[in-house]
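# Secondary and tertiary structure notes
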Amino acid sequence: MEFRLLGTVSVDTRTGPLPLGPAKRRSLLAALLLSANTPVPVARLTDSLWGEEPPPRARGVIQGHVSRLRALLTGAEAQAYGVELVTLGDAYVLRVPETLLDYQRFEELLMLARQQRSAADTVRMLDDALSLWQGPALGGTFTEGPLQAAAHTLEESRLATVEELARAYADLGEHHRAASVLRAEAVAHPMRESLAAALILALYRAGRQSEALDWFHRTRRLLADELGIDPGHELADAYALILRGGPRPGAAPAGGTDAAGASRAGTDPAEGAGTTAPPGPRVPAAHNPSAAPHPTDLLPRAPRGFHGRNAELAALTRAAAGEAPVCLVTGPAGVGKTSLALQWAHHNPAAFPDGRLFADLRGFSETGEPALIDVLREFLLALGVAPRRVPESVSAAAALFRSLTDRRRLLVVLDNARDSATVRALLPGGTDCVTLVTSRNRLEGLIASDAARPVPLGILGPQDGTALLAGVLGEERILAEPVAARRLAELCGGLPLALRVTAARLAGRPQWTLAGLADELADERGRLTFLDVDDTGVSAALRLTVQQLPADAVRQLARLGHHPGGHFDPYTCAALAGTDPAAAAAALERLGSAHLVTETAPGRWVLHDLVRLYARGLDPASGAEALVDVLDHYIATALAAADTAEPGGEPCFVLPEGYRPAAVRDFADRAAAMHWLATERDDLARAAVAARGAGLHDRAWRIILLQWPQVVWRVRDSWAPLLELALDSARAKQDLYAESRVLNLLGWVLTEEGRTAEALTLLERSPGLAQQAGDRLGEATALINLAVVQAGQGELDRALEGCGRAVVLAREEEDRHTEMLALQHLARLQLSAHRPGDALGSARTALALGPEHEEAARRSLLLAVSGEARLALGEEDEGILLLDRAAEEAERAGYDEGAVRALEALLRVSARAEYRTRHALALRRLTDGG
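Below or above, wherever it landed, is the structure these notes cover. Computed from a prediction, not measured in an experiment: that's the story for all the values here. Starting from 1, residues in each chain are numbered consecutively following that chain's sequence as written. Owing to the predicted nature of the model, reporting of local features is limited to residues with pLDDT of at least 70; listing and counting of side-chain atom pairs is limited to 80 or more, with chain, interface and lining totals taken over all residues. By convention in this description, side-chain values take in all heavy atoms of the structure and omit both hydrogens and water.

## Focus: the side chain of His633
A run of H or I in DSSP becomes a helix once it reaches four residues, and a run of E becomes a strand once it reaches two; helices and strands are each numbered from the N terminus. Mapped onto the fold, His633 is located in helix H29 (residues 623-645). Its relative accessible area of 2% is what places His633 among the buried residues. Apart from the residues within four sequence positions on either side, His633 is in contact with Tyr571, Thr572, Ala575 and Ala663. Here the term buried applies to any residue with accessible area under 20% of the maximum for its type, exposed to any over 50%, and partly exposed to those in between, with areas from a 1.4 Å probe on protein chains only. By definition, residues are in contact when any of their heavy atoms lie within 4.5 Å.

Laid out in structure tokens, this is it:
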């Protein structure tokens with residue numbers, strides 16, 4: 001299986017390409033592949049597919065396309081290749097090994113090509129990389145917004161690779177071939193000056209001077225006519241080299257490298273040429289008598305046992321390609337930022353002929369940060385400044401540093417920076433210099449002031465984590481216990497520091513098994529202790545980060561350690577910490593800036609497992625209180641969501657003893673409330689499990705039962721296990737009200753799942769329990785659900801009797817919502833009993849109860865019953881009119897199931913093409929989401 005983005009977006013399998021269907025689905029797949037193995041929020045997918053004007057049903061369309069993609073991948077046995085499309089809250093993740101992605105293989109081949117010492121090997125690998133392209137990137141998609149930007153980035157990378165291939169051919173002396181690969185691209189991209197300059201030099205070195213000059217003048221005229229500008233320095237320098245009769249192949253210029261070599265390192269082919277008549281070459285900084293005689297190199301040794309990170313290394317290379325770039329590697333403690341920076345810095349020394357500087361700024365060290373003047377003094381001495389000429393003030397030393405680096409090509413690595421201000425004082429002055437900064441903080445000020453290009457560093461995947469273990473322990477030990485090795489990588493949370501500590505423990509104890517250590521790490525109570533060795537470990541690294549935080553952020557982090565769910569928002573955090581949402585949001589931003597929490601979607605955050613364990617240890621005594629606070633927050637928010645989604649329909653239970661909710665969010669409409677219930681489903685389930693584990697049964701069943709609007713809306717979505725947990729908690733409290741309510745919902749879910757016998761057993765008990773509890777509305781709901789099962793079993797008379805009793809109970813309680821529900825089911829049962837007149841009367845009564853505020857889905861169902869009743873009474877015109885109204889209301893509300901049902905009834909009595917078309921469209925939306 002192979003996923004292609006370098007050309008038409010496609011998925012190749014052993015039996016041929018998958019039929020991906022419409023362009024929107026290809027666009028969705030492209031957006032997921034471009035962020036492979038990373039959650040992509042629905043909002044970002046919406047931007048990718050429609051830009052600023054998405055349709056009203058964008059979310060439903062995306063869900064449909066995702067469903068179809070899942071089916072296609074399942075049919076192609078994608079799981080056998082490690083490919084899986086999963087839902088994570090309000091986002092989707094396409095999990096796929098990088099080896100199956102053509103653009104990742106392209107980037108990997110580029111990395112390997114740049115590490116080759118032989119030009120011939122470089123040519124071969126660059127050829128292999130370019131052979132992966134089968135047309136313009138992201139073909140067959142709607143390349144707007146983010147996808148357009150991604151396609152442009154990929155195309156820029158391809159063109160840069162073509163230029164690299166030409167330089168490699170030049171190193172081999174094959175200038176005709178260099179000119180050949182460049183000409184086609186220069187024709188296709190006439191405004192790209194770097195291509196034109198490279199082609200001019202290739203033609204000149206191939207002995208085709210007149211062609212080279214012709215191409216220069218052609219490009220110069222085009223730039224003047226189209227853009228009104230003169231040639232840039234690359235074109236001008238190439239022209240100046242030809243006019244001066246500069247060196248051709250076989251003649252090396254002073255300094256021991258030819259123009260091709262200088263260009264490959266990133267310097268100008270002929271430095272100092274102007275845009276008109278060149279005044280003669282300036283002296284390169286590397287040969288200035290005041291410069292150091294040899295390039296200085298302060299880099300520590302390259303990291304040992306480095307694995308993976310190909311995407312981040314490639315991202316660093318792209319980030320370093322601009323003018324005076326500042327590349328910013330950020331990530332949590334122990335994620336491997338320094339290793340990544342040093343790995344990249346060491347892989348291509350020729351790119352920095354004037355040297356590489358390094359300083360550990362110790363921004364997160366117990367020893368404190370070095371004085372800026374000390375760092376600058378070390379840099380200036382390394383650049384050849386005499387000790388007595390080093391200024392004493394920071395501002396003067398920084399100015400001298402900028403001046404000395406103005407005409408050089410240097411790499412400056414600033415490791416472990418704490419803030420932006422420290423970095424700014426150490427930035428070099430040359431446009432050809434690259435600054436590489438690492439930090440546990442996001443340093444957004446540096447991004448704003450100096451256009452720093454962030455390269456965020458996340459945890460390692462299981463495969464790379466296992467490879468890191470193998471690098472220390474040896475392949476044989478890993479291959480002997482592959483499952484345990486993968487489990488260790490997962491228990492270490494993909495954190496390189498944790499993996500290295502684990503490997504160190506195992507390396508010193510050859511008698512230990514990987515499975516044995518994995519069992520030890522599985523116990524959360526001692527995991528952090530096992531991940532510390534000597535003076536190195538996860539706890540120590542996190543402590544150095546936390547000690548930089550203000551007190552309110554530390555308190556928020558400590559409380560988050562007791563959160564039972566996986567995600568949290570400012571409201572949840574406020575409940576945990578006893579603050580308000582604004583203060584909690586500010587604390588989260590501070591924690592996020594320090595990479596202690598991660599924002600996966602706007603206002604939605606997660607905590608790494610090891611950070612969670614560390615945070616829990618900051619204030620272990622507050623665990624019980626924090627759990628109650630967050631449970632009450634979930635109850636209050638779920639109550640608000642249910643009330644908004646189904647006004648007047650929520651269970652009216654008494655709140656639990658000691659209930660104390662914090663600030664609760666408002667829901668603008670039903671869609672917002674249902675979205676919250678869907679997004680928080682997993683965390684609500686975890687909260688209920690935690691509540692039951694802590695003996696808080698009164699809160700456990702409430703949290704589950706309050707999700708009933710989502711249960712009703714997505715009834716066949718595996719709700720039974722959660723409702724069985726609620727039933728256990730209700731019985732543990734001997735709460736008849738709770739038991740009856742849970743039985744009602746669970747019985748109905750089992751009915752919809754086809755487990756009728758189980759449903760009947762539960763539902764037959766529910767009305768009696770509700771009676772004992774004095775819950776008349778619960779009794780009415782139980783009778784309705786029981787009637788549905790009885791009708792399915794052929795007991796229509798008992799079903800009609802039970803539904804009639806439910807109507808009476810709801811009417812006596814003056815609850816219109818429940819009465820309308822009972823009348824809806826009663827009308828359907830009366831229609832099944834061939835009593836269309838009674839069915840019409842019941843439906844009319846129900847519609848009169850809530851014509852303005854009742855949800856469109858129920859109105860559509862009642863109108864459909866009325867229409868079918870009219871048809872049964874022989875009133876065909878009126879029946880068709882009512883069914884048409886039912887279909888229209890369902891279509892307007894996005895209730896496709898109701899639209900299909902009403903249109904199917906219409907097609908049984910009418911052959912109008914309009915109904916067939918609408919039915920086909922509704923059915924397609926229902927089954928395919930598109």
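## Let's talk about unusual backbone geometry
One non-glycine residue, Asn37, lies in positive phi territory at about 70 degrees. Within the fold, Asn37 resides in the loop between helix H1 (23-34) and strand E4 (40-41). Owing to a relative accessible area of 40%, Asn37 belongs among the partly exposed residues under this scheme.

## Let's talk about the nonpolar core
Nonpolar cores are built from buried Ala, Val, Leu, Ile, Met, Phe, Trp, Tyr and Cys residues. Side-chain atoms within 4.5 Å join them into one set. Counting 130 residues, the largest nonpolar core has Trp344, Leu436, Leu560 and Leu596 as its most contacted members. At eleven residues, H29 tops the list of elements feeding residues into this core. With residues near it in sequence (within four places) discarded, Leu436 still touches Leu316, Cys327, Val329, Ala341, Trp344, Leu411, Val412, Val413 and Leu414. Of all hydrophobic cores here, the second largest spans 82 residues; its members include Val11, Leu69, Val162 and Leu165.

## Overview of the packing of aromatic side chains
Note on aromatic pairs: the rings of Phe, Tyr and Trp (six-membered ring only in Trp) are paired at centre separations within 6.5 Å, and the planes decide the class, stacked below 30 degrees, edge-to-face beyond 60, tilted for the rest. In total, this model carries five aromatic pairs according to the counting rule given. Between Phe106 and Trp133, the aromatic rings sit 5.7 Å apart at their centres with planes inclined by 80 degrees, giving edge-to-face as the arrangement. Here Trp133 lies in the loop between helix H5 (119-131) and helix H6 (146-171) and Phe106 lies in helix H4 (residues 102-114), a separation of 27 residues in the sequence. Classification of Phe106 by relative accessible area gives buried; the value is 0%. Trp133 gets classed as buried once you look at its relative accessible area, which sits at 12%. Note on geometry: a ring has a charge over it if NZ (lysine) or CZ (arginine) is within 6 Å of the ring centre and within 35 degrees of the ring normal. Against the face of Phe142 rests Lys24, its NZ or CZ located 3.6 Å from the ring centre. Over the ring of Trp719 we find Arg681, and its NZ or CZ is 3.7 Å from the ring centre.

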